[in-house]
Amino acid sequence: MDFISQFFNGLQLGSIYALVALGYTMVYGIAKLINFAHGDIIMVGGYTVFLAIGLPLFKTGLPLWLAVVPAVIVCTLLGVLIERVAYKPLRNSSRISLLITTIGVSLFLQNLFVKIFTSNAKPLPALFPQKSLSFGDVHLSLATVITIISTIILTYLLNLFVNKTKYGKAMLAVSEDYGAAELVGINVNQVMTMTFAIGSALAGVASVLYVASYPQIQPFMGSMLGIKAFTAAVLGGIGSIPGAVVGGLILGIIEVLTRAYLSSAYADAIVFVILILVLLIQPNGLFGKLEKEKV
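Remember, it's a predicted structure, so these values are computed and weren't measured experimentally.

Participant: I would appreciate a short explanation of the overall build of the chain in the present structure.
Facilitator: What the chain contains, in helices and strands, is eleven helices and four strands. The C-alpha radius of gyration computed for the chain amounts to 19 Å, which stays within 12% of the reference 19 Å derived for 295 residues, consistent with globular compactness. Overall, the chain is about 55 × 45 × 35 Å in size when its C-alpha atoms are taken along their principal axes. Going through the 295 residues of the chain one by one, you find that 47% of them count as buried. When contacts within the chain are restricted to residue pairs at least 6 apart in sequence, long-range pairs at least 24 apart make up 73% of them. For the chain, the exposed surface amounts to about 14,400 Å²; the carbon and sulfur share of it is 67%.

Next comes the structure, spelled out in structure tokens:
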């Protein structure tokens, strides 16, 4: 039964990676940009939760579970601001310029929060009641169940939005051909902003679920989380919504089982080994499409 419990712990961690990977895969699929500042948006969401529950700066007195609302709002607004200020002016620049800009934004956010909050880790109380749900001989924490269910629901809603709504189809059109979409009257700037907003909103939800599982925050917490989520997006096929989710779940399960049965010292190394193997063996990922470059 210990293996089953660890498996569900892996699903919990993988669900968080999946939500973050969805942001990576959406931005890359539509804007052809790898947003390395995405992990730091989660860090901002974590600090938003910290402030929203009144520790210790503002006695806002929000219930712990309600902290998801300000976290999602702040992360969404931050994502839109970053897109407008840092990425939009460079949209027609080279890929390397955009990549360097994303790294610059990431470093700026990290150092800004070090300046405001210091680099010391700050503890958070448990966001969900310390209850467990029993399924036969398997006992799962409430946080585990909420995290997995939340990811399933959000993934379904995102997939429904992209494939069934007018705005979602506009996003698909822009991802297929930026120039042609503009010619047929699609507001590309609006689509780009909406993409960053949705990806950042998912990061806001992920930040709450992450601090519910690992109740402490610090300015550099988004770096490794972002890299692992990016690895999940590459594993599943960057640009693919189902691929991001499957990649995140696989990565979470592998990491947790590595910590449980090998050593926690190998957990991060395994992630990078997976990234290297995917790039060598299946560069397009599990669900990725083979793209042809026009000459």
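Participant: Explain the nonpolar core to me, please; I cannot follow it from the model alone.
Facilitator: Generally speaking, a soluble globular protein has its nonpolar side chains buried in company with each other. Ranked by size, the top nonpolar core spans 78 residues in total, and within it Leu22, Ile82, Tyr87 and Leu158 carry the most contacts. For this core, the element with the highest residue contribution is helix H8 (residues 188–213), accounting for 15 residues. Leave out the neighbours within four places in its chain, and Tyr87 touches Leu33, Asn35, Ala37, Ile82, Leu98, Thr101, Thr102, Val105 and Phe196.

Participant: Mind showing me how you'd approach the pairing of strand S2 (residues 132–135) here?
Facilitator: Consecutive residues of a regular strand have side chains that alternate between opposite faces of the sheet. Bridge analysis of S2 against strand S3 (residues 138–141) gives four bridges, and the strand direction is antiparallel. Residue pairing in the sheet places Phe135 in a bridge with Val138 of S3. The antiparallel pairing of S2 with S3 creates a hairpin that spans two residues between the two strands, and Gly136 there sits at a positive phi of about 70°.

Participant: For this particular structure, what's the right way to read unusual backbone geometry?
Facilitator: Note on backbone geometry: most residues besides glycine have negative phi, and most peptide bonds are trans. Positive phi, normally seen in glycine, also occurs at Thr118, with a value near 70°. If you trace the backbone, Thr118 turns up in the loop between helix H4 (95–117) and strand S1 (122–123).

Participant: I would appreciate a short explanation of the environment of Ile149 in the present structure.
Facilitator: Inspection of the secondary structure assignment puts Ile149 in helix H5 (residues 142–164). Placed 134 residues apart in sequence, Ile149 and Ser15 show a C-alpha to C-alpha distance of 8.9 Å.

Participant: What is the right way to read the packing of helix H10 (residues 241–261) against helix H11 (residues 267–281) from this model?
Facilitator: How two helices sit against one another is set out by the angle between their axes and by the gap between those axes. For the pair H10 and H11, interaxial distance at closest approach is 9 Å and the crossing angle is 145°. Note on packing geometry: the crossing formed by H10 with H11 is right-handed. Residues Leu251, Ile254, Glu255, Thr258 and Arg259 of H10 form the contact with H11, whose participating residues are Ala267, Asp268, Ile270, Val271 and Ile274.

Participant: Help me out: how do you make sense of the UniProt feature "transmembrane region" (unreviewed entry) in the chain in this one?
Facilitator: Per the UniProt annotation, the sites labelled "transmembrane region" (unreviewed entry) are residues 15–34, 41–58, 64–86, 98–118, 138–162, 191–212, 232–254 and 261–281. A distance of 20 Å separates the end C-alpha atoms of residues 15–34, which is 85% helix and 0% strand. Counted over residues 98–118, helix gives 95% and strand 0%. Its end C-alpha atoms are 29 Å apart.

Participant: How do you make sense of the pattern of salt bridges when you look at a structure like this?
Facilitator: It is possible for side chains of opposite charge to pair when their charged atoms get near one another. All told, the structure shown has five salt bridges when counted by the stated rule. Close ionic contact of Asp268 with Arg259 constitutes a salt bridge, the shortest N to O distance being 3.9 Å. Connected through salt bridges with shared partners, the residues Lys228, Glu255, Arg259 and Asp268 form a single ionic network.

Participant: Which parts of the structure should I look at to understand H11?
Facilitator: Since the α-helix packs 3.6 residues into each turn, any two residues three or four apart lie on the same face. Along its 15 residues, H11 runs 21 Å from first to last C-alpha, staying within 8% of the 21 Å computed at 1.5 Å per residue. Residues Ala267, Val271, Ile274, Leu275 and Val278 constitute the buried set of H11. Across the axial projection of H11, the buried residues extend over an arc of 100°, all falling on one side. Residues of H11 that are exposed and point over 90 degrees away from its buried face: Leu280 and Ile281. Considering only its buried residues, H11 is in contact with helix H9 (221–236) and H10.

Here is what the cut-offs are and how they apply
- Residues numbered from 1 in each chain as written.
- Predicted model: local features only at pLDDT ≥ 70, side-chain atom pairs only at ≥ 80, totals over all residues.
- Heavy atoms only, no water.
- Helix = DSSP H or I, 4+ residues; strand = E, 2+ residues; numbered from the N terminus.
- Rg over C-alpha atoms; globule rule 2.2 N^0.38 Å.
- Buried < 20%, exposed > 50% of the residue type's maximum accessible area, 1.4 Å probe, protein only.
- Contact = heavy atoms within 4.5 Å.
- Areas by Shrake-Rupley, 256 points an atom, 1.4 Å probe, with all protein chains shown as cover.
- Core = buried A, V, L, I, M, F, W, Y, C linked by side-chain atoms within 4.5 Å.
- Pairing = 2+ DSSP bridges.
- Axes fitted to C-alpha atoms, helices over the stretch in contact; angles between N-to-C directions.
- Left-handed = near helix turned anticlockwise from the far one by under 90°.
- UniProt positions renumbered as here; feature names shortened; annotations may be inferred.
- Salt bridge = Lys/Arg side-chain N within 4 Å of Asp/Glu carboxyl O.
- Expected span 1.5 Å × (residues − 1).
- Arc of directions from axis to C-beta.

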